Amino acid sequence: MTRTRTDVIAAMADTARLTAFGPSHTWHDALFSGDDLTRPSDPDRALLAALADEVVEADAHLARVPDALHVEWLERILGLERLPVVPDTVVAHATVDPALAPAVLATGTLLRGGKDAYGVERRYATADALTAHGAQLVAARSQTPGGSGGVVGEAGSFPLDPSDGAPADHRVRIHSEVMRFDGGHLSLRLRFEGAPAPLQLGDLRWRYPRPDGTVGDTTGSVSGDHVTVTLQEACGVPGEPCWIEGYVPDGSAVPTAMTFSGLWLKVTSRSEFAPEAGYYNDGRLDVTKEFQPFGPVAKRGDAFYVRSDEAFSKRLATLTIALSVLSDSGGAVTKYLTAGGIPGYTNEVAASHLLGFISTFSGDDAMNDVVAEVGPLYEYLADPDPDPTLKWQRRTTEWWESFATRSSLSSVTGASIGGGMGSRPTSIGGQEGHYIRAFLSEGDFGWTSYLSRVADFAGDAASWMTTPGPMPLPPTPPIVTEISLTYTTKEVRPDGVESVNGWIRRTKPEAQPWSPFHTDVSPDGHAGMLALGLDIPVSAAGSSVSIYVGVDSAAACGDGQEPDARWEWWDGAAWRPLPVADGTHALRESGLLRFVAPEGWAEGCPRHGGADAERGRWIRLVTHAPDRLGTVLQIVLDAVIAAYVSTAPDPSADPTPQTPLVAGAIKGTVATVPGITKVTNLASVQGRGPETDTHYATRASGIVRHRRRAVTPWDYEQHVAIAFPEVAAVRCLPHTDGSGGRSRGSVGIVVVPDRPDEPCPRPSVSLAGRIGDALAPLAPVHATPTVLCALYAEVTVELEVTLRRGVAALDGGTALR
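Residues numbered from 1 in each chain as written. Predicted model: local features only at pLDDT ≥ 70, side-chain atom pairs only at ≥ 80, totals over all residues. Heavy atoms only, no water.

### Points about the overall build of the protein chain
Filter applied, for reference: Strands here mean DSSP runs of E at least two residues long; helices mean DSSP runs of H or I at least four residues long; both are numbered from the N terminus. As a reference, a globule follows 2.2 Å times the number of residues to the power 0.38, and the radius of gyration itself is taken over C-alpha atoms. Relative accessibility thresholds used throughout: buried, under 20% of the residue-type maximum; exposed, over 50%; partly exposed, between the two (1.4 Å probe, protein chains only). Contacts are residue-level and defined by heavy atoms, with any inter-residue pair within 4.5 Å sufficient. Only the protein chains shown count as cover for residues, and all accessible areas are computed by the Shrake-Rupley method using a 1.4 Å probe.
When its secondary structure is counted, the protein chain shows 11 helices and 46 strands. For the protein chain, the C-alpha radius of gyration of 50 Å lies well beyond 28 Å, the compact-globule estimate for 817 residues. The principal-axis extents of the C-alpha atoms in the protein chain amount to approximately 195 × 60 × 60 Å. Counting every position in the protein chain, which comprises 817 residues, the buried fraction comes to 44%. In the protein chain, once contacts between residues fewer than 6 apart in sequence are set aside, the share between residues at least 24 apart is 72%. Total accessible area on the protein chain is roughly 40,500 Å²; 54% of this is exposed by carbon and sulfur atoms.

Written as structure tokens, this is what we have:
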């Protein structure tokens with residue numbers, strides 16, 4: 001029992017009341033007033049006061065004696081050692097001069113910054129060698145299951161929570177120029193070879209790019225193994241590859257059952273559209289107005305060229321050229337049969353007069369009379385030329401090849417185009433493009449006949465023996481008022497097929513069964529991923545790379561085993577296993593990733609999509625248990641762990657480690673290191689100072705009781721509570737497994753970490769692992785300790801407090817808070 005000075009003086013006063021001082025007084029009357037000394041400055045009162053102080057000290061000493069004897073017994077008799085001082089550690093980041101990279105911090109390099117318990121600048125020694133490359137983080141991307149297809153996140157700014165992101169894209173993109181068009185509409189059939197019929201497309205929709213930057217959206221009509229989509233307005237951006245893609249709308253199930261081995265595309269219909277240009281031989285024609293395709297004077301060997309890079313660059317099945325040829329009373333050319341059955345061409349007005357005159361007669365004799373009467377007129381109007389022969393031709397590698405022949409300038413309907421492209425590129429009028437032509441191989445639309453008649457007319461007029469007929473009228477050249485094209489194509493293979501599922505891009509292999517839609521991230525079926533792109537020089541190959549990953553730790557909660565996960569690196573074609581010293585325990589807590597930069601580490605990773613996927617060298621973690629990953633708070637390259645080095649005379653008595661160093665306190669290295677411009681600390685981990693007598697006595701006494709074994713619930717609780725000062729409370733639940741259910745041989749250890757700023761603290765993966773490691777050798781062979789998380793319930797506390805007399809309200813309120 002420890003008495004206070006007031007207690008001792010009060011005891012003296014009680015004793016003085018029992019000792020007489022004169023016949024009617026006691027020593028209390030002479031020395032005390034109540035329970036206190038009178039005139040304390042008098043020598044006798046001062047002596048009593050000093051004696052009271054000594055009694056207090058003696059009581060205090062005697063109170064400490066049992067504990068001291070207990071500690072001495074534990075140390076000297078039982079030989080139980082005190083816990084050693086554990087230095088605090090920091091994660092340090094080195095900044096490198098790019099001109100001198102890489103730079104090396106050797107093991108044991110001293111860092112400086114902050115003050116120790118004695119006011120002296122702290123020192124920290126690096127635990128490993130650090131090769132600093134001056135690398136930068138290009139991107140950090142996560143993908144996990146969620147919703148109907150997946151969740152993706154990108155760390156433009158941290159934190160990066162694998163389970164909290166945007167819905168993942170799921171789409172298959174098909175590249176082909178066969179679908180490029182401008183204006184009107186185009187129907188495209190996609191036949192999926194080797195796919196089960198009907199196609200397993202789910203709610204798949206289709207979209208395609210337009211020249212103005214907008215995206216068209218449409219649905220498809222499924223029949224058997226093919227789907228037909230109709231594209232409106234236009235498809236394709238000039239100068240960029242043309243594509244169409246099927247995508248899964250947000251909230252719809254991903255059609256993972258869709259598989260196929262090959263793909264064929266076919267234009268089944270195209271609305272009418274105007275060609276880009278027309279040429280008469282090498283002369284440009286304005287095909288938007290009336291034009292003369294063979295000029296004012298047609299000649300055998302002339303050609304009318306039609307340009308359409310859209311249609312004639314494709315492998316056409318059919319082509320329709322619709323021509324509107326002017327034919328009215330104004331003099332268009334008309335073909336008719338003469339009395340002798342000979343085809344001819346004449347001016348329409350003159351021909352109508354002639355035919356009208358002929359129709360007034362009947363019978364053979366009448367026909368003879370007609371021939372006699374109108375012979376001179378026929379002589380000047382009839383055209384003995386044969387029908388013109390127009391050969392519609394396309395350009396091949398070496399010559400112009402005919403695909404249709406017509407005896408007049410008329411529409412070409414459904415002409416079949418064989419082999420290769422519609423027409424090879426060629427230059428007409430100085431313009432490179434894809435052309436077809438109407439080649440005038442026979443006839444000239446009556447122009448030669450007209451010249452002959454003119455000559456005859458002139459001869460008759462000059463002869464006194466012949467009366468000339470009417471002046472021959474020149475033939476009106478063909479005039480086209482409108483030209484349009486339509487076509488279908490043969491089946492062609494696409495230029496490429498790729499799928500995007502979240503961040504993962506896959507390219508279809510040739511002639512192999514392929515599934516475009518996936519909810520996993522690897523061929524082994526891993527459901528979650530975190531990929532890191534590092535801007536690191538190629539010269540880093542073969543040297544170590546160190547990355548600090550700050551993680552809001554995932555809780556162990558009944559499963560302290562590391563999840564099925566692995567690290568991989570990208571070699572430009574595939575992901576390869578990457579041996580890693582993983583201090584993050586598969587991204588479940590903060591720590592260092594250390595690995596050797598592999599030879600052949602490729603620049604860029606197109607399979608991860610995004611604008612910056614072409615940059616950086618990529619690594620990734622894939623796992624079957626993404627729900628067990630923590631939230632990534634920061635990623636810093638060129639990091640190393642450094643431990644406190646005490647400069648105190650007795651390092652074992654230095655209390656500095658129990659106070660962690662604040663972030664940014666380290667200012668650099670003690671000695672200059674070539675290439676290193678700056679070193680600072682990112683995070684700190686508290687160490688352990690000298691063990692106090694109280695903590696030692698408690699811990700060592702427990703050893704005497706449980707004898708370093710864990711048999712009873714109290715044993716487990718004592719081991720955890722004493723060995724782990726970061727634990728605020730612990731409760732042992734016998735026969736309780738990781739799910740909280742009853743299970744023989746299982747021992748549930750409910751742990752509440754000492755993190756008062758968190759409303760519901762849960763043990764980290766590292767803490768759970770260390771507790772499991774500490775208990776494993778102490779528990780019986782049949783026992784399986786498992787760290788559990790506490791179940792928290794929200795409560796409301798209403799308090800009414802009455803303060804003792806003499807306690808100030810301000811002091812009482814502070815104490816309560």
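There's more to say after this.
### Quick look at the sheet that holds strand E35 (residues 565-570)
Basically, it comes down to this: Any two strands with at least two DSSP bridges between them are considered paired.
Reading across the sheet, the seven strands line up as E10-E9-E8-E33-E39-E35-E36 and stay open at both edges, with antiparallel pairing between neighbours. The open sheet has two edge strands, strand E10 (166-167) and strand E36 (575-577), and neither has a second partner. Pairing analysis gives four bridges linking strand E8 (residues 136-144) to strand E9 (residues 151-154), with the strands arranged antiparallel. From the neighbouring strand, serine 142 faces E9, where its bridge partner is glycine 153.

### Re the pairing of strand E25 (residues 389-395)
Summarising the sheet, E25 and strand E29 (residues 431-442) pair through six bridges and their orientation is antiparallel. Each residue of the ladder has a partner; that of lysine 391, found in E29, is phenylalanine 439. Across six bridges, E25 lies against strand E26 (residues 400-406) in antiparallel orientation. Along E26, the bridge assignment pairs tryptophan 392 with alanine 404. In textbook terms, the turn of a hairpin is the stretch between consecutive antiparallel strands, and for E25 and E26 this stretch comprises four residues.

### Describing the nonpolar core
For the record, the criterion: Side-chain atoms within 4.5 Å link the members of a nonpolar core, which is a set of buried Ala, Val, Leu, Ile, Met, Phe, Trp, Tyr and Cys residues.
Leu188, Leu190, Phe192, Ile244, Phe294 and Trp392 are the most contacted members of the largest nonpolar core, which totals 63 residues. Ranked by the residues each element gives to this core, the list is headed by strand E12 (residues 181-193), at five residues. Not counting residues within four places of it along the chain, the set of residues in contact with leucine 188 comprises Val178, Met179, Val227, Thr228, Val229, Ile244, Leu265, Lys266, Val267 and Thr268. By size, the runner-up hydrophobic cluster in this structure holds 27 residues, among which are Trp569, Leu578, Phe595 and Val632.

### Section: the packing of aromatic side chains
Stated precisely, the cut-off is as follows: Here a pair means two rings of Phe, Tyr or Trp (six-membered ring of Trp) with centres within 6.5 Å. Their orientation is stacked below 30 degrees between planes, edge-to-face above 60, and tilted elsewhere.
Counted under the stated rule, the structure contains 12 aromatic pairs. With centroids separated by 5.1 Å and ring planes inclined at 70°, the aromatic side chains of phenylalanine 192 and phenylalanine 260 adopt a geometry described as edge-to-face. Placement of the pair is phenylalanine 192 in strand E12 and phenylalanine 260 in the loop between strand E17 (243-247) and strand E18 (262-270), with a sequence separation of 68 residues. Like phenylalanine 260, phenylalanine 192 is buried. Taking the centre distance of 6.0 Å and the plane angle of 85° together, the rings of phenylalanine 273 and tyrosine 487 count as edge-to-face. Taken together, the residues phenylalanine 273 in the loop between E18 and strand E19 (277-280) and tyrosine 487 in strand E30 (residues 480-489) connect sequence positions 214 residues apart.

### What about a nonpolar patch on the surface?
Our working rule: Without a salt bridge and with relative accessible area above 30%, a residue can belong to a patch; like charges are then joined within 9 Å and nonpolar side chains (Val, Leu, Ile, Met, Phe, Trp, Tyr) within 5 Å. Criterion for a salt bridge: a side-chain nitrogen of Lys or Arg within 4 Å of a carboxyl oxygen of Asp or Glu.
A grouping of Val795, Val797, Leu799, Val801, Leu803, Val807 and Leu816 is seen on the molecular surface, where their side chains present a nonpolar patch of about 670 Å² in accessible area. Within the fold, leucine 799 resides in the loop between strand E46 (784-789) and helix H11 (809-816).

### Structural notes on the pattern of salt bridges
Tallying each qualifying case throughout the model produces 42 salt bridges. In this structure, glutamate 245 engages arginine 171 in a salt bridge whose closest nitrogen and oxygen atoms are separated by 3.3 Å. Of this pair, glutamate 245 sits in strand E17 while arginine 171 is found in strand E11 (residues 170-175), placing the two residues 74 residues apart along the sequence. Among the residues examined, arginine 171 registers a relative accessible area of 13% and is labelled buried. Connected through salt bridges with shared partners, the residues Asp169, Arg171, Arg173, Arg207 and Glu245 form a single ionic network.

### A word on the confidence of the model for the protein chain
The condition that has to hold: pLDDT measures the predictor's confidence residue by residue and takes values from 0 up to 100.
Looking at the protein chain, pLDDT values average 86 and 90% of them are 70 or higher. This model gives residues 328-384 a pLDDT under 50, and the stretch forms 83 contacts once residues within four places in sequence are excluded.

### Observations regarding helix H7 (residues 447-462)
As a reminder, the rule being used: Given a helix with a known number of residues, its expected span is that number minus one, times 1.5 Å. By definition, the arc is the one covered by directions from the helix axis to the C-beta atoms.
Compared with an ideal rise of 1.5 Å per residue, which puts 16 residues at 22 Å, H7 spans 23 Å between its outermost C-alpha atoms and is within 8% of the ideal. For H7, every residue scored as buried is listed here: Ser449, Tyr450, Arg453, Phe457 and Asp460. The buried residues of H7 occupy an angular sector of 100° when projected down its axis, which confines them to one face.

### Describing the state of the cysteines
What is meant by a disulfide is a covalent connection between two cysteines, made through their sulfur atoms. Here is the rule we go by: The criterion for a disulfide is a pair of cysteine sulfur atoms lying within 2.5 Å.
Scanning the entire structure with this criterion turns up zero disulfides. No disulfide involves cysteine 242; its nearest neighbouring cysteine sulfur is the one of cysteine 235, lying 3.3 Å away. Not engaged in a disulfide, the cysteine cysteine 760 finds its nearest cysteine sulfur in cysteine 789; these two sulfurs lie 11 Å apart. Using a relative accessible area of 39% as the deciding quantity, one classes cysteine 760 as partly exposed.

### Thoughts on helix H1 (residues 5-16)
Under the 1.5 Å per step criterion, the end-to-end length of H1 is 17 Å for 12 residues, consistent within 8% with the ideal 16 Å. Every buried residue of H1 is accounted for by Val8, Ile9, Ala10, Met12, Ala13 and Ala16. Looking at the buried side of H1, the elements it contacts are helix H2 (27-31), strand E1 (32-33), strand E2 (36-37) and helix H3 (43-77).

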